[in-house]
2 protein chains.
Amino acid sequence: MITLDVHTGGGSYPVVIGTGSLTRLPELLERHCPGRTVAIISDERVAGLYGQGIREMLESAGTSVHLYHFSPGENAKNSGRLNDLYTWLIETGIRRDDGIIALGGGVTGDLAGFAAATYLRGVPLIQVPTSLLAMVDSSVGGKTGINHPLGKNLIGAFYSPRFVLIDPSLLTTLHPREMTSGLAETVKYGLICDPQLYALLEQRLERIASLEDSDAVSHAVQRCCALKAEVVSGDERENGPRRILNFGHTLGHALEAETGYSIYRHGEAIVWGMRWACFISWQRGCIPEELFLRTERLLTRLIVPPLPADITANALAGRMLHDKKQSSAGLSLVLVTGIGRVRIEPVTGHAKLTERWLAHVTA
Amino acid sequence: MITLDVHTGGGSYPVVIGTGSLTRLPELLERHCPGRTVAIISDERVAGLYGQGIREMLESAGTSVHLYHFSPGENAKNSGRLNDLYTWLIETGIRRDDGIIALGGGVTGDLAGFAAATYLRGVPLIQVPTSLLAMVDSSVGGKTGINHPLGKNLIGAFYSPRFVLIDPSLLTTLHPREMTSGLAETVKYGLICDPQLYALLEQRLERIASLEDSDAVSHAVQRCCALKAEVVSGDERENGPRRILNFGHTLGHALEAETGYSIYRHGEAIVWGMRWACFISWQRGCIPEELFLRTERLLTRLIVPPLPADITANALAGRMLHDKKQSSAGLSLVLVTGIGRVRIEPVTGHAKLTERWLAHVTA
């Protein structure tokens, strides 16, 4: 079991990671939350798997527990669902020192986190991620939010949890596609800042995906969290170093939007996004062809849906310009300069480069 | 012209105060906001008075200006209006380094402030208050939010503006009832922490209300902002000293809620709330009767709607328990111990005390 500290402008919070660490929830709540009442927010699937067990564990420690659940899926991140959650919190009588526990994957963390950030101008939030993607990425760093009919994640807040509790043994109930989606972000951390993690993934990707090598799973989760904690500490609002975490997300987001969020899970789109970013890194001379091919070999071991036959470079390039991460100054990209090394560059002609890339990957 | 600095966990921001200071808007924007585009959010009345002038001033300084306006009134603070504002921001193409200017009273500051806090997870916010209440209270301190069908201000965020620009000459277009509402909060600052301000108000209340004594107006606004800046600095989230600002708000909020927000403007209800809090202070021996009568003499010079004939102590006392400011520990009240001095005390038997107070004020 290890504890990492994430430092933000307003203070710091611990990230506790370890197989079996879920049993420490009552003790951590006692230490980090003033109230003796919690609201657990979860989708129906996760609530069915873990809701009752956690409720009993907390109740025997003297905490009142209320459970709210909703239909799984990205669709839950909308203003209607959020308003329903607010109403439930008010009617349940949740007060400003009570805790909200986001128990689930990225969608739950985003929705419950944004509710915690904005209900009564902010109540204590606890992140208990159950998906690999949420463990290695979304539960740490304070991003919360919902979608708007005109775009994904356009409404939200940076809001620090009181603590994050990561128990990799919860991954045993995860769907294989969700596992791949989380592994994509794991590969991202290797590519942008950790050659050793990258090498570990090259050696044992499939054994990690199948959870056969639980030590490697725990190690990978810990490394990703440590890297994320380091990158976001002191840059919660993404003005500086945190931007390197957007590696692979420029094309990834464009691809998700262009396909109406119906084909790819987030991490699956990011696999395509990383292949695109590595290609551009090679084309612009940041890495030699040999290194580009090495990234291709690992990234193609993550099995994801193919690109749609009718996708065009122009459509993707147009979407990229509308990404909310782009400032009014223009398109800037995170490019690799080696395994574990990146730099951010302004890039012109991204439509042309995307066209060349499409020709390359579909050849 | 003076500049105060408000310090928060995440940094600090300036509050610029002075008659005619509105002309400094272009220069302050240039210094504190990265983008060259702003969205001005205003109700129709304020937009009609000041929108065009500010637009021209900013455009001649090279800034692109977009104007969004809505029907005046507390009703604007709902999730439907907020979603409409989000849609407008997206369609207008406002990006993360562009600024949102909240130009108006408390409702505009709350609504536009919350939109700025949550659009793209936060964009630069500028508060330009046009009402006395917003100048002396709501524009400083970072509170933003909207109402929920089940209660006022239940949804919101603490979000610091980049700067606050207060020009008391904008008060000339204010409705007299709004002036009284703002004066109520001004009296509050005198009562809780500034005997000199209190004495000034005793001497010149009516001349300040009519704006005949513009020096006294400026002085009162500056003192309130300085006091608020001091109180909220280092306690943005209301866990400590900031709680004294709730003086008069426990009964005030209950009265507003019990009358369906249809009779009193916020400050008008706070006048009743302060009279109640002073009465309880006297009854509990925090101040002698003579001092209680002195507060009555000033507070009754603020002309506000009378209490409804059918109001009951039980109804008000019940509402108080549901105030979001109350933690699960029970009712705690800000009481005066002298002019300019307060303490916070747990109070039991508030229903009985309220009954006695009703008998006293309606005698």
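Residues numbered from 1 in each chain as written. Chains lettered and ligands numbered in written order. Predicted model: local features only at pLDDT ≥ 70, side-chain atom pairs only at ≥ 80, totals over all residues. Heavy atoms only, no water.

Caption draft 1: How the structure looks around the overall build of chain A. When you go through chain A residue by residue, the secondary structure sums to 13 helices and eleven strands. Whereas a compact globule of 363 residues would reach a radius of gyration of roughly 21 Å, chain A reaches 20 Å, a difference of no more than 12%. The principal-axis extents of the C-alpha atoms in chain A amount to approximately 60 × 40 × 35 Å. Of all 363 residues assigned to chain A, the portion counted as buried reaches 61%. (Helix = DSSP H or I, 4+ residues; strand = E, 2+ residues; numbered from the N terminus. Rg over C-alpha atoms; globule rule 2.2 N^0.38 Å. Buried < 20%, exposed > 50% of the residue type's maximum accessible area, 1.4 Å probe, protein only.)

Caption draft 2: Representation of the interface of chain B and chain A in the model. Taken together, the contact between chain B and chain A spans 37 residues of the former and 37 residues of the latter. Both sides of the chain B and chain A interface together cover about 3300 Å² of buried area, and 51% of this is carbon and sulfur. Counting every contact that joins chain B to chain A gives zero salt bridges. Seen at the junction of chain B and chain A, the total is twelve residue pairs in polar contact (both at pLDDT 80 or more). Sorting the residues of the side of chain B that touches chain A by element identifies α3 (79–92), α4 (106–118), β7 (143–148) and β8 (151–158) of chain B as the ones contributing at least two each. Its residues assigned to classes, the side of chain B that touches chain A shows 13 nonpolar, 13 polar and eleven charged. (Contact = heavy atoms within 4.5 Å. Buried area = accessible area lost by both parts, 1.4 Å probe. Salt bridge = Lys/Arg side-chain N within 4 Å of Asp/Glu carboxyl O. Polar contact = N/O pair within 3.5 Å; in protein donor to acceptor, adjacent residues only side chain to side chain. Nonpolar A, V, L, I, M, F, W, Y, C, P; charged D, E, K, R; others polar.)

Caption draft 3: Spatial organisation of the relation of the copies chain B and chain A. Rotating chain B by 180 degrees about the axis while translating it 0.0 Å along that axis superimposes it on chain A, leaving an RMSD of 0.0 Å. Within this description, the copies of the chain are treated as partners about a two-fold rotation axis. Both copies present the same face, since 100% of the interface residues in chain B are matched by interface residues at the equivalent positions in chain A. (Least-squares fit on C-alpha atoms with pLDDT ≥ 70 in both.)

Caption draft 4: Up close: the environment of Leu197(B). Residue and element names in this part refer to chain B. Mapped onto the fold, Leu197 is located in helix α7 (residues 195–209). In the structure, Leu197 is positioned 26 residues away from Arg223 in sequence and 7.4 Å away in space, judged by C-alpha atoms. Setting aside chain neighbours within four positions, we find Leu197 in contact with Thr186, Tyr189, Gly190, Ala220, Arg223, Cys224 and Leu227.

Caption draft 5: Structural detail: the pattern of salt bridges. For the structure on display, the rule yields 40 salt bridges over all chains. With a shortest N-O distance of 2.7 Å, Glu178(A) and Arg265(A) are connected by a salt bridge. With Glu178(A) in helix α6 (residues 176–193) and Arg265(A) in the loop between α9 (249–258) and α10 (266–283), the pair connects residues that are 87 residues apart, well separated along the chain. Glu178(A) sits in the partly exposed class, given a relative accessible area of 26%. Its relative accessible area of 26% is what places Arg265(A) among the partly exposed residues. Salt-bridge contacts for Arg223(B) lead to Asp194(B); the nearest nitrogen and oxygen are separated by 2.7 Å.

Caption draft 6: Focus on the sheet that holds strand β5 (residues 99–104) of chain A. Residues and elements named next belong to chain A. Taken in spatial order, the seven strands of this open sheet run β1-β2-β9-β6-β5-β3-β4, and their pairing is mixed. Either end of the sheet is taken by a strand with one partner, and the two such strands are β1 (2–8) and β4 (64–70). Going from strand to strand, the sheet's axes swing by 20 degrees on average, the running direction of each strand aside. The sheet contact formed by strand β3 (residues 37–43) and β4 spans seven bridges and is parallel. Across the sheet, Thr37 pairs through a bridge with Ser64, a residue of β4. In this fold helix α1 (residues 25–32) packs onto β2 (11–17), β3, β5, β6 (125–129) and β9 (163–166), with an angle of close to 175 degrees to the strand it touches most, β9. Set on the sheet, helix α3 (residues 79–92) makes contact with β3, β4 and β5; between it and β4 the angle comes to about 160 degrees. (Pairing = 2+ DSSP bridges. Axes fitted to C-alpha atoms, helices over the stretch in contact; angles between N-to-C directions.)

Caption draft 7: View of the sheet that holds strand β9 (residues 163–166) of chain B. Residue and element names in this part refer to chain B. As summarised here, the arrangement of the seven strands in space is β1-β2-β9-β6-β5-β3-β4, forming an open sheet in which the pairing is mixed. The strands lining the two open edges of the sheet, one partner per strand, are β1 (2–8) and β4 (64–70). Ignoring which end each strand starts from, the neighbouring axes of this sheet average 20 degrees apart. Pairing between strand β3 (residues 37–43) and strand β5 (residues 99–104): four bridges, direction parallel. By the bridge assignment, Ile40 is partnered in β5 with Ile101.

Caption draft 8: α7(B), seen in detail. All names here are of chain B. The largest bend along α7 reaches roughly 70 degrees and is located at Gln203. Capping the start of α7, Asp194 holds a side-chain oxygen 3.1 Å from the backbone nitrogen of Gln196, two or three residues further along. Taken from the residues just after α7, Leu211 is the one with a positive phi, measuring 65 degrees. (Bend = angle between axes of the 7 residues up to and from the residue.)

Caption draft 9: Layout of the packing of aromatic side chains. What the rule picks out here adds up to ten aromatic pairs over all chains. A ring pair is formed by Tyr68(A) and Trp88(A), whose centres lie 5.2 Å apart and whose planes are at 55 degrees; its orientation type is tilted. With Tyr68(A) in strand β4 and Trp88(A) in helix α3, the pair connects residues that are 20 residues apart, well separated along the chain. Overall, the relative accessible area of 5% leaves Tyr68(A) in the buried class. Judged by centre distance (5.7 Å) and plane angle (80 degrees), the ring pair of Phe279(B) and Trp282(B) falls under edge-to-face. Residue Phe279(B) and its partner Trp282(B) are both found in helix α10 (residues 266–283); the two are separated by three residues, about one turn of the helix. By relative accessible area, Phe279(B) is classed as buried at 2%. A network of ring pairs unites the aromatic residues Phe279(A), Trp282(A) and Phe292(A) as a single cluster. The cationic tip of Arg121(A) hangs over the ring face of Phe158(B); the distance from NZ or CZ to the ring centre is 5.9 Å. (Phe/Tyr/Trp six-rings, centres within 6.5 Å; stacked < 30°, edge-to-face > 60°. Lys NZ or Arg CZ within 6 Å of the ring centre and 35° of its normal.)

Caption draft 10: Examining the pairing of β8(B) more closely. All names here are of chain B. Counted residue by residue, β8 has eight buried out of eight residues, so it is predominantly covered. Bridging between β7 and β8 involves five bridges; their strand directions are antiparallel. Considered in β8, the bridge of Gly145 is made with Gly156. Between β7 and the antiparallel strand that follows it, β8, lie two residues.

Caption draft 11: Geometry of the packing of α7(B) against helix α8 (residues 214–232) of chain B. Residues and elements named next belong to chain B. In the contact formed by α7 and α8, the axes pass within 10 Å of each other and the chain directions differ by 140 degrees. Judged by the angle between their axes, α7 and α8 are oblique. In terms of crossing hand, the pair formed by α7 and α8 is left-handed. Only Ala216, Val217, His219, Ala220, Arg223, Cys224 and Leu227 of α8 make contact with α7, whose side of the interface consists of Leu197, Leu200, Arg204 and Ile208. Residues of the contact of α7 with α8, tallied by class, amount to eight nonpolar, one polar and two charged. (Parallel < 35°, antiparallel > 145°, perpendicular 65-115°, else oblique. Left-handed = near helix turned anticlockwise from the far one by under 90°.)

Caption draft 12: Broad picture of α3(B). Residue and element names in this part refer to chain B. Under the 1.5 Å per step criterion, the end-to-end length of α3 is 20 Å for 14 residues, consistent within 8% with the ideal 20 Å. All of the buried residues along α3 are Leu82, Leu85, Tyr86, Trp88, Leu89 and Ile90. Residue Asn78 occupies the N-cap position of α3, its side-chain oxygen lying 2.8 Å from the main-chain nitrogen of Gly80. Positioned one or two residues after α3, Gly93 has a phi angle of 80 degrees, which is positive. (Expected span 1.5 Å × (residues − 1).)

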